[in-house]
Amino acid sequence: MSMTAYINARLIDPASGLDTKGTLVTEGEKIKAFGADETAPEGAKVVDCKGRILCPGFIDMRAHRVDAEAALKGGITTVILQPDQTTVIDTDAVVERIRRRSEDSETVNVFPMGTATRGMQGSQIAEIGQMMQSGAVGFTDCRTPVSDSQVMRRLLEYSGHFDALIVQFAEDKSLASGAVAHEGEIATRLGLSGVPAAAEVIQIERDCRLAELTDARIHFALISSREGVDAIRSAKKRGVRATCSVAPHYLHLNDNALEATARLPRCARRCARKRTVWR
C-alpha cells in the first residue's frame, strides 16, 4: 500500500491540543504517523504543505441542505442537517432514511437533527426518544423559537430522560416581530424596524430557568448580543447545562454594515434588508 508524507505542515488536532509544525504520513486511507520530529519514509510520495494547516475535517453544525462535493472542497467532512427539509425531520423514519443515505454515499457524514416540536409548530413535543435511537444528534425548531413556556418545560423534561440536546433560537417572537435589524440609532436613521437585544436575553433567561428546573441540556444557536452572552455566562455559573454558538458574520459585522444598504438601488436595498439581521 502506497504511503504519502505531508511535510512542512502546521498540524492541528483540537482533541489533543496539538498545534505544531511537522510531518504527517498516511498509508492508503489511514494515518500512519505524525509529529514535529516525524520524517518522510523512504519511497513515500512527498507533498510539501508550505506551512498550510493540516487538521481533522470540519463539522458544519447548521446545514439546511447537503452538497457533498462542495462540502468536501471546503474541508467539511461532517454535516449536521437541520430539520427544516422538504420532508420535515420529525419522525424516526425520516431520521433513519437520512442516516442510511449518508452511510451508503461514503462521502461526507450526515447526522440529522430532529424537530423539537411536531412539524415545528411549537404546540406538541416531538418523539425525541425514537428519533434519538434512529440517529438524531439534537432537536430544534431552527429559527422558530419554542415560545410556549409549558411546552418548553415538557420538552426539557422529556429530553432529560435521554440526555438529549435541545437547540433553541433565542428570540422573543413578539418583540422581534417584523424586525430586520438591531434596534438602535442606525436602524432608526435608515427607517428599519429593529429588534432589541432584550428579545434575545428574555428568551435565554426563561429557557435557562426551565433547564435549571429540569436539569436538562440546552444550546442557544446564533447568539448575537453581549447581553445574551452575559445571560448564558450567569446561568452556567449557577450550574445550568447551557451552551451557545455564534455565526461567523456575527463576529465580523455590526450595525454599521447596514449603512451600505442605503446606497443600493431600491430593489436591492429591499432584498438586503430582508437578509440583514445582525445585532
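Coordinates for the structure precede this section.
Attention in this report is confined to the structure presented alongside it. (Residues numbered from 1 in each chain as written. Predicted model: local features only at pLDDT ≥ 70, side-chain atom pairs only at ≥ 80, totals over all residues. Heavy atoms only, no water.)

1. Concerning the side chain of Gln-85
Point 1. Residue placement: Gln-85 occurs in the loop between β7 (76-81) and α2 (92-105).
Point 2. A distance of 2.7 Å separates a polar side-chain atom of Gln-85 from the backbone oxygen of Gln-82.
Point 3. If near-sequence neighbours (up to four positions away) are discounted, Gln-85 is found in contact with His-64 and Arg-65. (Helix = DSSP H or I, 4+ residues; strand = E, 2+ residues; numbered from the N terminus. Polar contact = N/O pair within 3.5 Å; in protein donor to acceptor, adjacent residues only side chain to side chain. Contact = heavy atoms within 4.5 Å.)

2. A few points about the side chain of Ser-225
Point 1. When you line up the elements, Ser-225 lands in the loop between β13 (217-221) and α8 (226-237).
Point 2. Within the local environment of Ser-225, its side chain forms a polar contact with the side chain of Glu-200, the two groups lying 2.6 Å apart.

3. Some details on the sheet that holds strand β6 (residues 58-63)
Point 1. Across the sheet, which stays open at both edges, the three strands sit in the order β6-β7-β8 with parallel pairing between neighbours. This sheet does not close on itself; its edge strands, each paired only once, are β6 and β8 (109-112). Neighbouring strand axes in the sheet, compared pairwise and without regard to direction, differ in orientation by 20° on average.
Point 2. Note: β6 against β7, four bridges, orientation parallel. Across the sheet, residue Asp-60 finds its bridge partner in β7, namely Val-79.
Point 3. Along the sheet, α2 contacts β7 and β8; its crossing angle with β8, the most-contacted strand, is approximately 175°. (Pairing = 2+ DSSP bridges. Axes fitted to C-alpha atoms, helices over the stretch in contact; angles between N-to-C directions.)

4. Thoughts on the state of the cysteines
Point 1. All chains considered together, the criterion is met by zero disulfides.
Point 2. No disulfide involves Cys-49; its sulfur sits 11 Å from the nearest other cysteine sulfur, which is in Cys-55.
Point 3. Here Cys-142 stays free of any disulfide, with the sulfur of Cys-244 as its closest cysteine sulfur at 18 Å.
Point 4. Residue Cys-142 is classed as buried on the basis of its relative accessible area of 5%. (Disulfide = S-S within 2.5 Å. Buried < 20%, exposed > 50% of the residue type's maximum accessible area, 1.4 Å probe, protein only.)

5. Thoughts on the pattern of salt bridges
Charged atoms that come close allow side chains of opposite charge to pair.
Point 1. Under the definition given, this model contains 14 salt bridges.
Point 2. A salt bridge links Glu-127 to Arg-118; the nearest nitrogen and oxygen atoms lie 3.8 Å apart.
Point 3. Using a relative accessible area of 30% as the deciding quantity, one classes Glu-127 as partly exposed.
Point 4. Residue Arg-118 is classed as partly exposed on the basis of its relative accessible area, which comes to 40%.
Point 5. The salt bridge involving Glu-212 is made with Arg-209; its shortest N-O contact spans 3.6 Å. Of this pair, Glu-212 and Arg-209 both sit in helix α7 (residues 198-214), three residues apart, roughly one helical turn.
Point 6. By relative accessible area, which is 34% here, Glu-212 ends up partly exposed.
Point 7. Three or more residues joined by partner-sharing salt bridges are found here, namely Glu-185, Arg-189 and Glu-259. (Salt bridge = Lys/Arg side-chain N within 4 Å of Asp/Glu carboxyl O.)

Functional significance is not addressed by these values, which are geometric in nature.
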